[in-house]
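Chain residues, written in single-letter form:
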Amino acid sequence: MGRKQGKIRERFLIIAVSILILSFTVSGCQGSAKKSEPVVLTLWHVYGGQVDSPLNKIIDRFNDTYGKEEGIYVQVTSVSNTNTIHEAVLAAGKNEPGAAELPDIFVSYPKTVLSLPDSSILVDYKKYFTEDELSKYFPEFIEEGMIDDKLLVFPVAKSTEIMFVNKTLFDRFAAETGADEKDLATWEGLFKMAKQYTEWTDAKTPDIKNDGKSFFVHDYHFNYFQVGCESLGEKFFAENDNKGSLTFGPQFKRVWRPYADAAISGGIWLREGYATEPLRTGGAIVSMASSASVLYYEDVVTYENNVSEPIEVAAHPAPIFEGGEKLVMQRGAGFCITKSTEEREKAAADFIKWLTEPENNVEFVTKTGYMPVTKDAFKILPEYVKRLESSKYRSLYEALKETQENYRFYVAPQLPNYLDLEMRFEKNVRLELDRERQEYQEEYANDNTVDKSKFVQEAYDNLIKAME
């Protein structure tokens, strides 16, 4: 009887062990299945080109390391510019016919979110980030992405406006005229120099009238005026006005006059497009643009006659008005997550946490001309800058360091019609100044004593009417 019980006990143990081994095998297979079928997230961004993008390369590293371990795969489905993505996001948000489906993650400015018919389609990051985690980021960067008490736009890289100079052509201009690069530190000095440069280039071809080149180009005229007014203590946007109307006070006129005077003289580039274009073709030699524009400033200029030459591009902090505050635009879009399932949303948040870890974030931003978004990342930034081979990038980060230490960042207000105001203002400023410039040049060709201030005032009056 004892032997029989022993055999039963032995069989029981064999069965139990077999079940245990089988359960491990099944769970192991399930784990493998999870690894082989990760959560695939789609992403739209603006950092570089589809083929040669610094962010794409970092995403590849994420997919091969952390993403592989956690079962997350990020697939970039579009690399474009913010304007194109803005239009695509709004079309998708409005369910327009033929609109592409929103990806899991997309680049956006707050103004895009404010233009959406329903922002509840976006994830509130507070659901996936603790207060302790958020405290590691610069508060002003976080604050910019807050809309209706929800964190809808998350900072992954921030930029500001920087002045880029084609130093090769500037030095030639300076050698013949005595122009001093230090005078670019103020708007008054810059605009005075812009008129001088147009006269200097015009004189190069005395047989051709009015063919002087532009000196300066601003990526966003709207930013020049709002930062200029605010730096001089005047509100650019009407307070307590949800419609977001503009104020045109005495400081606006102070900001307007030298700018319009230089533009009507021919010293400011007024065509549409990005500020990088005229610097690539020699159409202008100084620009104000996002620090991230460094990606598109080439080390060669190709003129209209297809002759090319290498150039040196140097970066400087933004000019200021004499007696005004050192104020500069805070720029740089963030990432939005589209609501889906909790698994997908958490995976997207995990990717963004990984991307903004100090080492990963600094690696990313120093390849794209941005600033990192956490306090710890800024601490290690100088070491990374030392390793940069490009003098253009080193110059940029020296300018960014000076900007961060000496300037206050200005954040545009969150107005529902901000984008409409911006687009209308940009269009009308260019239109009115270009029209007055042509009229001035026609009259000046017949009478070089013509009063330019008349054209400056007419452009101002027409702009105010257009913005009513």
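Residues numbered from 1 in each chain as written. Predicted model: local features only at pLDDT ≥ 70, side-chain atom pairs only at ≥ 80, totals over all residues. Heavy atoms only, no water.

1. Focus: empty space enclosed by the protein
Threshold: Only protein atoms enter the calculation, which uses a 1 Å grid: trapped sets of points that fit a 1.4 Å probe without letting it out are cavities, open sets showing protein on both sides within 12 Å along at least five of seven lines are pockets, and any residue with an atom within 4 Å of a point is a lining residue. Grid points are joined across faces, edges and corners, and a volume is the space filled by probe spheres set on the points. Only DSSP runs of H or I with at least four residues qualify as helices, and only runs of E with at least two residues qualify as strands; both kinds are numbered from the N terminus onward. Three classes are used, and their members are as follows: Ala, Val, Leu, Ile, Met, Phe, Trp, Tyr, Cys and Pro are nonpolar, Asp, Glu, Lys and Arg are charged, and the others, Gly among them, are polar.
Evaluation of the coordinates by the stated rule reveals three cavities of 30 Å³ or more. Here the largest cavity is characterised by a volume of approximately 280 Å³. Those elements giving two or more residues to the lining of the largest cavity turn out to be α5 (110–115), β13 (327–331) and α17 (418–446). Of the residues that constitute the lining of the largest cavity, the class distribution is ten nonpolar, three polar and four charged. Along its surface, the second largest cavity is lined by 17 residues, and Trp187, Val227, Gly228, Pro319 and Leu327 are the ones closest to its centre. For the lining of the second largest cavity, the secondary structure elements donating two or more residues are α10 (221–231) and β13. Partitioning the lining of the second largest cavity into residue classes produces eleven nonpolar, four polar and two charged.

2. Description of the side chain of Thr201
Our working definition: What qualifies as a polar contact is a pair of N or O atoms within 3.5 Å, subject to a donor-acceptor requirement within protein and to the restriction that residues adjacent in sequence count only when both atoms come from side chains.
Looking at the secondary structure, you find Thr201 in helix α9 (residues 187–203). Here the side chain of Thr201 touches Thr198 through a polar contact of 3.0 Å, landing on its backbone oxygen. A polar contact of 2.8 Å, which involves the side chain of Thr201, links it to the backbone nitrogen of Lys213.

3. Some thoughts on the pairing of strand β14 (residues 334–337)
Stated formally: DSSP-based pairing: two strands are paired if at least 2 bridges between them are found.
Note that strand β3 (residues 105–108) and β14 share four bridges and pair antiparallel. Note that in β14 the partner of Ile105 across the bridge is Ile337. The pairing of strand β6 (residues 154–155) with β14 spans two bridges and is classified as antiparallel. In the strand pairing of β14, Pro155 is matched with Gly334.

4. Brief notes about the confidence of the model for the chain
For clarity, the threshold we go by: For every residue, the pLDDT score states the predictor's confidence, bounded by 0 at the bottom and 100 at the top. Only heavy atoms matter for contacts: two residues are in contact if any of them lie within 4.5 Å across the pair.
In this model, the chain carries a mean pLDDT of 89, and residues with pLDDT of at least 70 account for 91%. Within the chain, the lowest mean pLDDT, 43, falls on helix α1 (residues 2–36), and the highest, 98, falls on helix α13 (residues 342–355). In the model, residues 1–9 has pLDDT below 50 throughout and makes zero contacts with residues more than four positions away in sequence or in other chains. For residues 11–35, every residue scores under 50 in pLDDT, and the model assigns this stretch three contacts once sequence neighbours within four places are set aside.

5. What about the nonpolar core?
As a reminder, the rule being used: The criterion is simple. A nonpolar core is a set of buried Ala, Val, Leu, Ile, Met, Phe, Trp, Tyr and Cys residues joined through side-chain atoms within 4.5 Å. Type-normalised accessible area, obtained with a 1.4 Å probe on protein chains alone, sets the label of each residue: buried when under 20%, exposed when over 50%, and partly exposed for intermediate values.
Of all hydrophobic cores here, the largest spans 149 residues; its most connected members are Phe215 and Phe335. Among the elements that line this core, the one with the most residues is helix α11 (residues 250–265), at eight residues. Non-local contacts of Phe215, meaning those with residues more than four positions away in its chain, are made with Phe170, Phe173, Leu184, Leu190, Met193, Ala194, Tyr197, Gly267, Ala284, Ile285 and Val286.

6. Re the sheet that holds strand β1 (residues 39–45)
How we decide: Note on geometry: axes are C-alpha line fits, over the in-contact stretch for helices, and angles between N-to-C directions span 0 to 180 degrees.
If you walk across this open sheet you meet the five strands as β2-β1-β3-β14-β6, and the pairing is mixed. Two strands close off the open sheet at either side, each with one partner strand: β2 (72–79) and β6. Most of the contacts of helix α4 (residues 82–93) go to β1, to which it runs at about 125°, and overall it touches β1 and β3. In this fold α13 packs onto β1, β2, β3, β6 and β14, with an angle of close to 60° to the strand it touches most, β1.

7. Observations regarding the layout of surface pockets
Roughly 1,000 Å³ of internal volume is contained in the largest pocket. If you trace the largest pocket, you find 34 residues lining it, with Asn210, Gly212, Lys213, Gly266 and Gln441 closest to the centre. Breaking the lining of the largest pocket down by element, the ones donating at least two residues are α9 and α17. No other element matches α17, which puts nine residues into the lining of the largest pocket.

8. Looking at the packing of α11 against α17
For the record, the criterion: Between 65 and 115 degrees an angle is taken as roughly perpendicular, under 35 as roughly parallel, over 145 as roughly antiparallel, and anywhere else as oblique. Here is the rule for handedness: rotate from the far helix to the near one, and if that takes an anticlockwise turn smaller than a right angle the crossing is left-handed, while a clockwise turn gives right-handed.
Where α11 contacts α17, the two axes come as close as 9 Å, and the packing angle between them is 50°. Looking at the two axes, α11 sits oblique to α17. As for how α11 packs across α17, the hand of that crossing is right-handed. Between α11 and α17, the residues in contact are Phe252, Trp256, Tyr259, Ala260, Ala263 and Ile264 and Phe425, Val429, Leu433, Glu436, Arg437 and Tyr440, respectively. In terms of residue class, the contact of α11 with α17 is built from ten nonpolar, no polar and two charged.

9. A look at unusual backbone geometry
Comment: phi is negative for the bulk of residues other than glycine, and the bulk of peptide bonds are trans. The backbone phi angle of Asp148 is positive, close to 55°, even though this residue is not glycine. The residue Asp148 is located in the loop between β4 (146–147) and β5 (150–151) in this model.

10. Some remarks on the packing of aromatic side chains
Where we set the bar: Two aromatic rings, drawn from Phe, Tyr or Trp (for Trp, its six-membered ring), form a pair once their centres lie within 6.5 Å of each other, and the interplanar angle then sorts them: stacked below 30 degrees, edge-to-face above 60, tilted otherwise. Definition used: whenever NZ (Lys) or CZ (Arg) falls within 6 Å of the ring centre and also within 35 degrees of the ring normal, the charge is taken to sit over that ring.
Evaluated as defined, the whole model comprises 49 aromatic pairs. Ring plane angle 75° and centroid distance 5.8 Å describe the contact between Trp187 and Phe216, whose orientation is recorded as edge-to-face. Of the two residues, Trp187 sits in helix α9 while Phe216 sits in strand β8 (residues 216–218), which places them 29 residues apart along the sequence. Each member of the pair Trp187 and Phe216 is classed as buried. Directly above the ring of Phe129 sits Lys353, whose terminal nitrogen or CZ lies 4.9 Å from the centroid.

11. A closer look at α4
One full turn of an α-helix is made of 3.6 residues, so residues set three or four places apart face in the same direction. To be explicit about the condition: Multiplying one less than the number of residues by 1.5 Å gives the expected span of a helix.
Helix length check: α4, at twelve residues, gives a terminal C-alpha distance of 16 Å against a target of 16 Å (1.5 Å per residue), a fit within 8%. Along α4, the positions that sit buried rather than exposed are Ile85, His86, Val89, Leu90, Ala91, Ala92 and Gly93. Buried residues in α4 make contact with β1, β3, α5 and α17. In this structure Asn81 caps α4, since a side-chain oxygen of it lies 3.1 Å from the backbone nitrogen of Asn83. Downstream of α4 by a residue or two, Asn95 has a phi angle that is positive, lying close to 55°.

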